[in-house]
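# Notes for the structure review
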Amino acid sequence: MVLMLLDTLGRPEDFFTAVEPLSLKILMIRQMVLSAVMGKGCITATKCFLFMFNLLFFIFGALFLGVGLWVILDNQNFNMVLEESTTLKAGAYILIGVGSLSMLTGFLGCIGAIFEVRCLLGLVFTCLLLILIAQVTAGVLIYFRRDVLKNEMSNIVNKILVNYTGYNKTSEQALDYLQRTMKCCGWTGSSNWTENVVINSQKNSSQILYPCSCTNESINGTGIKESGLCETFSPQWPVFTKGCIYSLEDWLIGNCGVILGVCVGIAVIELLGMILSMCLCKSVQQEDYTKVPKY
């Protein structure tokens, strides 16, 4: 075959001159095919990552929405808390709003990633940007209003202490869990419990009551009951003396790095979702609206 081509062309130089453009074209076609395959693979991977991201975003949005609705609608357990703190009530409504927006963003993001709809991907980018701005704004407001929040929390905890009966209300369970895990008693100290209605009603009797969740297990003769009111024969309660506000402050200072890391991680994840949505939006071909039938 080669000899016949040489005979046709005459000289060997003519043969290589004829073959060289053909080989270059083959290389160019091969490069184009590889680029197309790699580009398609990158787009597919981006679609998968974006779909998973928006699915998780939808789930977390549903959780935020559920918690916000639970706090607002469960009047039996949270009515006293919401009456004492307008900030917490506003926080519940913010949770509902952020949860609804997150669910909408996740749903639109999944649809946009599957069907490669440019307008939905752009809308996802906008929603993520709004959520990120809202989170930063909330963090700044919490920092500058920390004294107001501290006073409101003090009023809420003291009201729960005064009306504590041990009948497993959600607010009472939360207080028991706080005192049990933080190894504290009362808001500023164990003396806060002397204002409790049930404990005061038994003050003149031989029955001495104290909060079980405050029990200091290192003291001999104490029980391990986790909630409710316990009995003792000693006027000195076998409880922790440190107030929960000081334990919470110590915990926040000790875990400040972890909290900041979680906040930065959430922001990075949201930025990643914004980048993925924009990358997929740019890679999707522009829709040709001239093909849409006119009526």
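Attention here is on the structure that accompanies the text. (Residues numbered from 1 in each chain as written. Predicted model: local features only at pLDDT ≥ 70, side-chain atom pairs only at ≥ 80, totals over all residues. Heavy atoms only, no water.)

### Quick look at unusual backbone geometry
Of note in this structure, Lys183 is not a glycine but carries a positive phi near 55°. By secondary structure assignment, the location of Lys183 is in the loop between helix H7 (170-182) and helix H8 (197-201). (Helix = DSSP H or I, 4+ residues; strand = E, 2+ residues; numbered from the N terminus.)

### Points about the packing of aromatic side chains
Enumeration over the complete set of coordinates arrives at three aromatic pairs. When the ring of Tyr143 is compared with that of Phe144, the centres are 5.2 Å apart and the planes differ by 85°; the resulting orientation is edge-to-face. Exposure remark for Phe144: the relative accessible area of 64% places this residue in the exposed category. Their ring planes at 85° and their centres at 5.1 Å tell us that Tyr164 and Trp193 sit as a pair that is edge-to-face. Of this pair, Tyr164 sits in the loop between helix H6 (146-162) and H7 while Trp193 is found in the loop between H7 and H8, placing the two residues 29 residues apart along the sequence. We note Arg146 situated over the ring of Tyr143; from NZ or CZ to the ring centre the distance is 4.4 Å. (Phe/Tyr/Trp six-rings, centres within 6.5 Å; stacked < 30°, edge-to-face > 60°. Buried < 20%, exposed > 50% of the residue type's maximum accessible area, 1.4 Å probe, protein only. Lys NZ or Arg CZ within 6 Å of the ring centre and 35° of its normal.)

### Observations regarding the state of the cysteines
Disulfides are covalent bonds that connect the sulfur atoms of two cysteines. Within the structure shown, the criterion is met by three disulfides. Between Cys185 and Cys214 runs a disulfide, and the two sulfur atoms are separated by 2.4 Å. When the S-S torsion is 90°, as for the bridge of Cys185 with Cys214, the disulfide is right-handed. Of this pair, Cys185 sits in the loop between H7 and H8 while Cys214 sits in the loop between strand S1 (208-211) and strand S2 (229-232); the two residues are 29 residues apart in sequence, bridging distant segments of the chain. Take the cysteines of the protein that form disulfides and number them in order along the sequence; they join up as 1-6, 2-4, 3-5. Of the cysteine sulfurs around Cys281, a residue in no disulfide, the closest is that of Cys119, at 8.8 Å. (Disulfide = S-S within 2.5 Å.)

### Considerations on the pattern of salt bridges
Applying the stated criterion to the full structure yields two salt bridges. Close ionic contact of Glu249 with Lys150 constitutes a salt bridge, the shortest N to O distance being 3.2 Å. Of the two residues, Glu249 sits in helix H9 (residues 244-254) while Lys150 sits in helix H6, which places them 99 residues apart along the sequence. Glu249 gets classed as partly exposed once you look at its relative accessible area, which sits at 32%. The partner of Asp250 in a salt bridge is Lys242, with the nearest N and O atoms 2.6 Å apart. By relative accessible area, Lys242 is classed as partly exposed at 38%. (Salt bridge = Lys/Arg side-chain N within 4 Å of Asp/Glu carboxyl O.)

### Concerning a nonpolar patch on the surface
Together, Met52, Leu55, Leu56, Phe58, Ile59, Phe60, Leu63, Phe64 and Phe107 make up an exposed nonpolar region whose accessible area comes to about 840 Å². Ranked by the residues each element gives to the nonpolar patch, the list is headed by helix H2 (residues 12-73), at eight residues. (Patch = residues over 30% accessible without salt bridge, like charges linked within 9 Å, V, L, I, M, F, W, Y side chains within 5 Å. Areas by Shrake-Rupley, 256 points an atom, 1.4 Å probe, with all protein chains shown as cover.)

### Details of H9
Those residues of H9 that sit buried are Cys244, Ile245 and Ser247. Buried positions in H9, seen along its axis, are confined to an arc of 160° and lie on one side of it. In H9, the exposed positions angled more than 90 degrees off the buried face are occupied by Ile253 and Gly254. Next to the buried residues of H9 lie H6 and H7. (Arc of directions from axis to C-beta. Contact = heavy atoms within 4.5 Å.)

### Thoughts on the packing of helix H4 (residues 86-115) against H6
For the pair H4 and H6, the least separation of the axes is 9 Å and the interaxial angle reads 100°. One element, H4, and the other, H6, form an angle in the roughly perpendicular class. Contact with H4, carried on its side by Thr86, Thr87 and Leu88, involves Leu149, Glu152, Met153 and Ile156 of H6 and no other residues of that element. (Axes fitted to C-alpha atoms, helices over the stretch in contact; angles between N-to-C directions. Parallel < 35°, antiparallel > 145°, perpendicular 65-115°, else oblique.)

### Some thoughts on the nonpolar core
Nonpolar side chains in soluble globular proteins generally cluster together in the buried interior. By size, the foremost hydrophobic cluster in this structure holds 22 residues, and its most contacted members are Leu175, Trp193, Ile199, Trp237 and Val239. Counting only elements with at least two residues in this core, the list comes to H6, H7, S1, S2 and H9. For this core, the element with the most residues is H6, which contributes four residues. Those residues within four positions of Leu175 in sequence are excluded, and the remaining contacts are Val157, Ile160, Leu161, Tyr164 and Trp193. (Core = buried A, V, L, I, M, F, W, Y, C linked by side-chain atoms within 4.5 Å.)

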